[in-house]
Amino acid sequence: MNNLINKVTFRSKNSILFMILVGFLLSLILILFNFDFSINEYLKNVKEKNIDWRSVLVDTDDLNNIEKFKRIDHVTQVTDINFFIYGFFIDKSQNITLYALNENELNNLEIVNGNKNVQGNNLICPKKFKTVGSTFSRNFKRIHYDSAGVDEILDERDETFYISANYDSKKIMIDGITCFTSLENLERLIRYADYNQDVNYALSTINIIVDNIKNIDYVKEELKKMGFDSYDKVEIDYDGLNNLEITFIVVLCFMLIMVYIAISLHLKRNVESKKKEILLYKSIGFTNKNIFRIYGYEYLIVFVFSILFAYLINLLETFAISNILIRTEYFELLNYKMNIYSMLIIIPIGFILIVLFSLNKIRKVDKNEKKSKSHNFQFIAYFFSVLLVWRNCTS
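Residues numbered from 1 in each chain as written. Predicted model: local features only at pLDDT ≥ 70, side-chain atom pairs only at ≥ 80, totals over all residues. Heavy atoms only, no water.

S.K.: Describe helix α6 (residues 183-192), naming the residues involved and giving the relevant values.
M.R.: For α6, every residue scored as buried is listed here: N185, L186, L189, I190 and Y192. Buried positions in α6, seen along its axis, are confined to an arc of 165° and lie on one side of it. (Buried < 20%, exposed > 50% of the residue type's maximum accessible area, 1.4 Å probe, protein only. Helix = DSSP H or I, 4+ residues; strand = E, 2+ residues; numbered from the N terminus. Arc of directions from axis to C-beta.)

S.K.: I'd like a rundown of the pattern of salt bridges, residues and numbers included.
M.R.: As enumerated under the stated definition, the model contains eight salt bridges in all. Between K233 and D52 there is a salt bridge whose closest N-O contact spans 3.1 Å. Of the two residues, K233 is situated in the loop between β11 (230-232) and α8 (238-273) and D52 in the loop between α2 (13-49) and β1 (55-59); the sequence distance between them amounts to 181 residues. A salt bridge links R54 to E105; its shortest N-O distance comes to 2.9 Å. Of the two residues, R54 sits in the loop between α2 and β1 while E105 sits in helix α4 (residues 103-108), which places them 51 residues apart along the sequence. For E105, a relative accessible area of 2% gives the class buried. Taken together, the salt bridges that share partners define one network made up of R157, E159 and R188. (Salt bridge = Lys/Arg side-chain N within 4 Å of Asp/Glu carboxyl O.)

S.K.: Kindly report on the side chain of N65, identifying the contributing residues and their values.
M.R.: Tracing the sequence through the fold places N65 in helix α3 (residues 65-70). Among the polar contacts made by the side chain of N65, one reaches the side chain of T60 at a distance of 3.1 Å. Discounting residues that sit within four places of it in the chain, N65 has contacts with T60 and F228. (Polar contact = N/O pair within 3.5 Å; in protein donor to acceptor, adjacent residues only side chain to side chain. Contact = heavy atoms within 4.5 Å.)

Printed below as a string of structure tokens:
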């Protein structure tokens, strides 16, 4: 066996080129599978865990409606959006966003250390920001703007904030530096900075948080019965998602066609180079299956090394993306990893192609045998079977 492997892989220039080419193409296919799997997993997690994805907005000027909305089933929190979220800069390069949560939402918040104390200026912040026990300060100013453009500082004071607990951003799928505080504390801060340039009071919208994204349609229907129009806080760009999916499919189809052509040409060239030997075996009574046992193992060994080469490239690519790209602010929540399903799809399909193509090429080596018309059918069947299995695994 060692002699066979050495002969096939290291002494044949065509086999080495085939391994490199097919291995590279397979690695690109694996990368496509990995990205598709990671993006679908990200969308699934962010829908289930991110607060904004299970929030509904209602435009109304009557704040008395807040109590009505609270009585709707599956509603966990109702807040005037002016007192629900507040953002400010700690310094010139770092900004923080404060979210106000009631007791129900705080109880559902998963923390990694500390305690859920949000009284006063205690905050629950991501562990990447500051650890439990840390503090930071910010100067708040009440600024009055007159029509002449002269700014008058009415009052100013420093607020010191304390980190009482940390959470893992990936577990609740919130990016950036977002800290949670109580409704009372956030309203106190915003009312003090009533004239602060950071505050936008143009909105008169009620933010409704639902216990589960699956119940958003029910809540919106109840609001409609009450005479209120509502809309999702996060609008899903289905057109963008569809275009991304189409791009994946087009690139995947191109890669599959290239792999198909590479395998077909390699086997054709190898079988033709051994045509005299194969005809000799047939003349003494060897069947196509017998001849495949002689040469088929060579092709399978070459394909195995192609898979190993692709797997090695994929490991390096996964390591690079996980340690470089995912650490950036825009991709920190993307849990990029190697998708085991892609390997389980590619390996058996590759082996089946090798076996079928080998038998087909060996069978054609006959002086009186005409070319088979089933070649195109085999390609179509292979092509659609891969797409079908891929969609089933990623759906």
